Amino acid sequence: MTPWRRNRRSPAAERWLRQMVLGFSLACAALLTACGTPLSSSGAPLAATIVPASSSLPTPASASPPNIIEFVPGEAEPQLPATVVDYQGAQVTITSIERIVSLNGDITEIIFALGMGDYVVGVDSSATYPPERTKTLPNIGYQRRLSAEGVLALNPTLVIGDEAAGPPEALAQIRAAGVPLAITADPPTLEAPAQKIRFVAQALGIPQRGERLAAQVEAEIASARDLANRVTNPPHVLFLYLRGTDVQQVAGVRTPVDVMITAAGGLNAGAEAGIVEFKPLSPEVVIAAQPDVILVLTKGLESVGGVDGLLTIPGLADTPAGKQRRVIALDDLYLLGMGPRTGQALADLATAFYEIAPQEKRP
Ligand code: ZN
């Protein structure tokens, strides 16, 4: 036990340590195999892959779901009509939340975290959390390629989302149909989770509950940043966005994942290689980046056939990350959503980066 582990107090990190694959050695992978823990949807253990339970393993039945705000006795029920100012400065008045269509996965997650999931009648295909609820709701397609007809067919009394929702013509049609359309900003910053939570809670007429959830998420982000401060030798982290062999991109600066990597105490190897936003992966980029760890989305890793498939990408096997098979795979809404679980995702990354750093003294 390191002093850091003994003194650690973050509940998110505690939960993670209990349930997560720790470390990167083969011994660790063997241990998990022995425990019979299914680490991927195919049931095959993803050797040396960090797959935090909070995103892909079932939570023990006894544990309450993270970040769900309960009604406090005496607290006001939803107060309507409610008015919000959208990301373009327009006032939107909401008179009923009986039928909510949510346009983005992060916004859907926030509605559920606020305890208002029962009012949701439609979600987009990026809505994957909470999984058991979002799976069964009518789906309006992907957030950036919505059709107004699909949304309006659900007879919403409120359509709510963030600026990733589109196209603009579809949003204009929804507005023209007279349905309240509440769209919030969604900048790739660590302030975004609390901002979006407050916006959604205001629109739903439950500002106090929003305040409590926002404060809780802010506290989790702050404690994850404390964990990150203990990463004294920041690992070089290469984020790859993968959809099989067709789409393979590297994240540079001005991306949400850059914010996450940096805040968790890592160095974004894509940014260090001079990449702005996303660029196609090439052997030159891999050689320039020399990552200590590769960060991917769970679905992306599956799309290339797990860690073995990933390491067949030219150049990757020869990097420090490839030689040690150091791969972190996280669910995409969890890692990139800037939502109620962002503090937990940050804590996962900071803990992983800390685990890597002491083993290698970097020049
Ligand atoms: Zn969003």
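Source: prediction; values computed, not measured.

Participant: When you look at the overall build of the protein in this model, what are you seeing that I'm missing?
Facilitator: A count of helices and strands for the protein gives 18 helices and 13 strands. Buried positions account for 53% of the 363 residues belonging to the protein. Total accessible area on the protein stands at roughly 15600 Å², and carbon and sulfur atoms take up 55% of it.

Participant: What is the right way to read the nonpolar core from this model?
Facilitator: Across soluble globular proteins, nonpolar side chains have a tendency to be buried as a group. Counting residues in each nonpolar core, the largest one holds 62 residues, and the members touching the most others are Ile160, Leu204, Leu295 and Phe353. Ranked by the residues each element gives to this core, the list is headed by helix H18 (residues 342–356), at nine residues. Leaving out residues up to four positions away in the same chain, Leu295 has contacts with Val237, Leu238, Phe239, Leu240, Val257, Ile261, Ile328, Leu330, Leu335 and Leu349. Counting 22 residues, the second largest nonpolar core, distinct from the first, contains Val250, Leu281, Val304 and Val327.

Participant: Would you mind showing me how to read the coordination of the zinc ion here?
Facilitator: Tetrahedral coordination by four donors places them ideally at 109.5 degrees to one another around the metal; octahedral coordination by six donors ideally gives 90 or 180 degrees. Only Asp106 (OD), Asp162 (OD) and Asp186 (OD) from the protein coordinate the zinc ion, and they sit 2.1 to 2.2 Å from it. Residue classification places Asp162 among the buried positions, given a relative accessible area of 0%.

Participant: Before we go on, may I ask you to explain the sheet that holds strand S7 (residues 181–184) in this structure?
Facilitator: Backbone hydrogen bonds hold the strands of a sheet together, and the pairing may be parallel or antiparallel. The parallel open sheet is built from four strands, whose spatial order is S5-S4-S6-S7. Where the open sheet ends on each side, the last strands, each with one partner, are strand S5 (120–122) and S7. Taken over all neighbouring pairs, the strand axes of this sheet differ in orientation by 30° on average, direction set aside. Across three bridges, strand S4 (residues 100–102) lies against strand S6 (residues 158–162) in parallel orientation. Within S6, the residue paired with Ser102 across the bridge is Ile160. Along the sheet face, helix H5 (residues 105–113) touches S4, S5, S6 and S7 and points at about 120° away from the line of S6.

Participant: Would you mind going over the packing of aromatic side chains with me for this structure?
Facilitator: Two descriptors summarise a pair of aromatic rings, namely the distance from one centre to the other and the angle between the planes of the rings. The full count for this structure, using the stated rule, is zero aromatic pairs. Residue placement shows Arg341 over the ring face of Tyr129; its charged tip is 3.5 Å from the ring centre.

Participant: Is there a simple way to think about H5 in this case?
Facilitator: Along an α-helix, residues three or four positions apart point the same way, because every turn accommodates 3.6 residues. Of all the nine residues making up H5, nine are buried; the element is thus mostly covered by neighbouring parts of the structure. The set of residues buried in H5 consists of Gly105, Asp106, Ile107, Thr108, Glu109, Ile110, Ile111, Phe112 and Ala113. Immediately downstream of H5, the backbone of Gly115 shows phi near 80°, a positive value.

Participant: How do you make sense of the pairing of S7 when you look at a structure like this?
Facilitator: Two faces, one strand: in a regular strand the side chains alternate between the faces of the sheet. Neither face of S7 is left uncovered, since the one carrying Leu181 and Ile183 and the one carrying Ala182 and Thr184 both have all their residues buried. Pairing of S6 with S7 involves four bridges; the strand directions are parallel. Along S7, the bridge assignment pairs Val159 with Leu181. Handedness of the crossover is the feature at issue here: the chain leaves S6, passes through helix H8 (residues 168–176), returns alongside S7, and the resulting connection is right-handed.

Participant: Explanation requested: the layout of surface pockets in the structure shown.
Facilitator: In this approach the atoms are scanned with a rolling probe the size of a water molecule, which exposes any empty space left behind. In this structure, the second largest pocket spans a volume of roughly 900 Å³. Along its surface, the second largest pocket is lined by 31 residues, and Tyr142, Gln143, Arg144, Pro256 and Leu336 are the ones closest to its centre. Listed by contribution, the elements that provide at least two residues to the lining of the second largest pocket are H5, strand S8 (236–243), helix H11 (256–263) and helix H17 (332–336).

Participant: Even after reading the chapter, I still don't get the packing of H11 against H18, so can you show me in this structure?
Facilitator: For any two helices packed against each other, one specifies the crossing angle of their axes together with the interaxial distance. Contact pair H11 / H18: the axes reach a minimum separation of 8 Å and the direction vectors enclose 55°. Comparing the axis directions of H11 and H18 gives the class oblique. Seen from above, H11 lies across H18 with right-handed handedness. Between H11 and H18, the residues in contact are Met260, Ile261 and Ala263 and Thr342, Ala345, Leu346, Leu349 and Phe353, respectively. Residue classes in the contact of H11 with H18 are distributed as seven nonpolar, one polar and no charged.

Participant: Please explain unusual backbone geometry as it appears in this structure.
Facilitator: Of all residues except glycine, most have a negative phi; of all peptide bonds, most are trans. Cis rather than trans, the peptide bond between Tyr129 and Pro130 has omega equal to 0°. If you trace the backbone, Pro130 turns up in the loop between S5 and helix H6 (131–134). Cis rather than trans, the peptide bond between Gly166 and Pro167 has omega equal to 0°. Residue placement: Pro167 occurs in the loop between S6 and H8. In this structure, Gln290 is a non-glycine residue whose phi angle is positive, near 40°. Assignment of secondary structure puts Gln290 in the loop between helix H13 (283–289) and strand S12 (293–297). Among the residues examined, Gln290 registers a relative accessible area of 32% and is labelled partly exposed.

How each quantity is defined
Residues numbered from 1 in each chain as written. Predicted model: local features only at pLDDT ≥ 70, side-chain atom pairs only at ≥ 80, totals over all residues. Heavy atoms only, no water. Helix = DSSP H or I, 4+ residues; strand = E, 2+ residues; numbered from the N terminus. Buried < 20%, exposed > 50% of the residue type's maximum accessible area, 1.4 Å probe, protein only. Areas by Shrake-Rupley, 256 points an atom, 1.4 Å probe, with all protein chains shown as cover. Core = buried A, V, L, I, M, F, W, Y, C linked by side-chain atoms within 4.5 Å. Contact = heavy atoms within 4.5 Å. Donors = N, O, S within 2.8 Å, 3.2 Å for Na, K, Ca; no water. Pairing = 2+ DSSP bridges. Axes fitted to C-alpha atoms, helices over the stretch in contact; angles between N-to-C directions. Phe/Tyr/Trp six-rings, centres within 6.5 Å; stacked < 30°, edge-to-face > 60°. Lys NZ or Arg CZ within 6 Å of the ring centre and 35° of its normal. Right-handed = clockwise from strand over helix to strand, strands pointing away. 1 Å grid on protein atoms, 1.4 Å probe; cavity = no way out; pocket = protein on both sides within 12 Å on 5 of 7 lines; lining within 4 Å. Points joined across faces, edges and corners; volume = space filled by probe spheres on them. Parallel < 35°, antiparallel > 145°, perpendicular 65-115°, else oblique. Left-handed = near helix turned anticlockwise from the far one by under 90°. Nonpolar A, V, L, I, M, F, W, Y, C, P; charged D, E, K, R; others polar.

Everything listed here is a matter of coordinates, which is why it stays silent on function.
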